[in-house]
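Survey of secondary and tertiary structure
Below are the chains, spelled out letter by letter.
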Amino acid sequence: MKQAWVHVHIVTVDREDRVFPDGGILYEDGVIRAVGESAEIERLALEQGAEIRDGAGKYLFPGLINTHTHLYQELTKGRGSDLSLEDWFPKAMAPVGAALRERHMEAGVELGLLEAVRSGTTTVADYMQHQPIPGLGIVELDAAQKLGVRMVYGRGYRDIGRPEVIETPEKIFADVDDLRGRYESGDGMITVWLAPAASWGLSDGLMRATRQYADANHMPIMMHLFETGSDDAGSRERFGKPAIEWFEEAGLLGSDLLAVHSVALGEEELAKYREYGIMVSYNPVSNMYLASGVAPIRRLLDMGLTVGLGTDGAGSNNSNDMIEAMKSGALLQKAFSRDPRSLTAPEALRMATIEAARSLRIDHLVGSIEVGKRADFFLYDPMRSVKSCPVCGDITATLVYSGDCQGVDTVVVNGRTLLSGGVFTQADEAGILARARDMAEDLARCIS
């Protein structure tokens, strides 16, 4: 079915950063067929018998792309607050991870995806680091398919830690093979990545096995790297060398690596990031929440590296709101550097769209409004939100600094409308909220 929006202000985030103040978009079978001035798109839409919707007063952006979260943590909001990473994980998250069951996973994932869509997010990279029982990946990816959200699924694993979550390489990679066979298809709605938990959860052998599997199967890797100084301290204690040396010797480093956080980077680490073309997921709210520090984003950008934006899980953020992440990410860099240009609103938007897509290796599919890409976008209506009304200058600055979930009017993923007029079309929002509340209470009982 052909569909079109006309008389909408379009921010394409394409190579030329084109903007159409009175623009239109035509899409069919999940693919963008035409983008341009409203009059031309309306003419094409009428000729082709498309369903036409008027977007007057609304602003159309590429769908936001969350490069890092843990959706199961939706059931842990407020748990373990006011702790450092080194205290927060063993006290708050490790017990949760060991107790997770299918019912908790489904409830957390569904709630997290609803929250993502409400903030204009169309793609979520979920890092599922806990696997206490088999089949949790199937539960999560079934939920993503049902709700229609594009997902990059990081199949997490470790061989150091609580016995409930330790796995062998054979078990890990067999599950990865199974998930790829079940869910990966030509439309790119679901892709599976390797997601080794963190350096302190991996033996040297599993680190090396990860690189061997990745190379043999052309599969990218996402991993928590240098979130604090614990990576380096642990490597020096275990192997007598800096973490960056261990990572390089074990084969972890490569242009297929998405280094999540990357806060505690010195000159040696920065040099290796540049040498290998490592991609970075910037998670400002989480870094502030856990007092981990400030990632050197301006340095990374000036080095030509790809940096995408992420929320991190609700356990260290309390939301999956990508609009909030854009604002927090820009303001944190400004405050730290005392330079208002250290991260601008347009840069924050790019980090949440096309650069995020590039960091997840899906920029050929999404991340900008261009002919041939998938129809992943959202419409923002400032008249729906007291926070973002009026728009007195650049709409990108309004979205980044004054935007909120109330202003998100419509969300389309792969040509399928998931949110229309602020109402979910494919999901029972009230039912999902009630189930998440009940499962959070159930999970707490399982831990206590």
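Now for a quick tour of the structure. (Residues numbered from 1 in each chain as written. Predicted model: local features only at pLDDT ≥ 70, side-chain atom pairs only at ≥ 80, totals over all residues. Heavy atoms only, no water.)

**Re the nonpolar core**
- Residues Tyr 273 and Met 326 are the most contacted members of the largest nonpolar core, which totals 127 residues.
- Dropping the residues within four chain positions of it, Tyr 273 is found in contact with Leu 225, Phe 226, Ala 259, Ser 262, Leu 265, Ile 278, Val 280, Leu 300 and Leu 305.
- Core analysis: the second largest hydrophobic core is formed by 14 residues, Val 8, Ile 10, Tyr 27 and Leu 60 among them. (Core = buried A, V, L, I, M, F, W, Y, C linked by side-chain atoms within 4.5 Å. Buried < 20%, exposed > 50% of the residue type's maximum accessible area, 1.4 Å probe, protein only. Contact = heavy atoms within 4.5 Å.)

**As for helix α3 (residues 102-118)**
- For α3, built from 17 residues, the straight-helix expectation of 24 Å at 1.5 Å per residue is met to within 8% by its first-to-last C-alpha distance of 24 Å.
- Summarising burial for α3: 13 of the 17 residues are buried, a large majority. (Helix = DSSP H or I, 4+ residues; strand = E, 2+ residues; numbered from the N terminus. Expected span 1.5 Å × (residues − 1).)

**Notes on the packing of helix α7 (residues 230-239) against helix α8 (residues 243-250)**
- It is the contact of α7 with α8, at a shortest axis distance of 8 Å, that shows an interaxial angle of 70°. In terms of axis orientation, α7 runs roughly perpendicular to α8. Along its contact with α7, which presents Asp 231, Asp 232, Ser 235, Arg 238 and Phe 239, the element α8 presents Ala 243, Trp 246 and Phe 247.
- Looking at the contact of α7 with α8 residue by residue, the classes come out as four nonpolar, one polar and three charged. (Axes fitted to C-alpha atoms, helices over the stretch in contact; angles between N-to-C directions. Parallel < 35°, antiparallel > 145°, perpendicular 65-115°, else oblique. Nonpolar A, V, L, I, M, F, W, Y, C, P; charged D, E, K, R; others polar.)

**Points about the packing of α3 against helix α4 (residues 136-147)**
- Here α3 crosses α4 at 35°, and the two axes come no closer than 9 Å. Crossing geometry of α3 relative to α4 is assigned as right-handed. Between α3 and α4, the residues in contact are Glu 102, Met 105, Glu 106, Val 109, Glu 110 and Leu 113 and Leu 136, Val 139, Glu 140, Ala 143, Ala 144, Lys 146 and Leu 147, respectively.
- For the contact of α3 with α4, the residue count by class is eight nonpolar, no polar and five charged. (Left-handed = near helix turned anticlockwise from the far one by under 90°.)

**Topic: the packing of aromatic side chains**
- Summed over the entire model, instances satisfying the criterion amount to nine aromatic pairs.
- With centroids separated by 4.6 Å and ring planes inclined at 5°, the aromatic side chains of Phe 173 and Tyr 213 adopt a geometry described as stacked. Placement of Phe 173 in helix α5 (residues 169-183) and of Tyr 213 in helix α6 (residues 204-217) is noted, with a sequence separation of 40 residues between them. With respect to class, Phe 173 is no different from Tyr 213; both count as buried.
- With a centroid separation of 4.6 Å and 40° between ring planes, the pair formed by Phe 239 and Trp 246 is classed as tilted.
- Here the aromatic cluster, defined as three or more aromatic residues joined through ring pairs, consists of Phe 226, Phe 239, Trp 246 and Phe 247. (Phe/Tyr/Trp six-rings, centres within 6.5 Å; stacked < 30°, edge-to-face > 60°.)

**A look at the pattern of salt bridges**
- Applying the stated criterion across every chain, the model contains 37 salt bridges.
- One salt bridge connects Arg 18 with Asp 14, and the closest N-O pair in it is separated by 2.6 Å.
- Exposure remark for Asp 14: the relative accessible area of 2% places this residue in the buried category.
- Note that Arg 211 is salt-bridged to Asp 256, the shortest N-O span being 2.8 Å. Highlighted residues: Arg 211 in helix α6 and Asp 256 in the loop between α8 and β11 (257-261), separated in sequence by 45 residues. Across the pair, exposure class does not vary: Arg 211 and Asp 256 are buried alike.
- One network of salt bridges, in which partners are shared, links Asp 17, Arg 350, Glu 355, Arg 358 and Asp 363. (Salt bridge = Lys/Arg side-chain N within 4 Å of Asp/Glu carboxyl O.)

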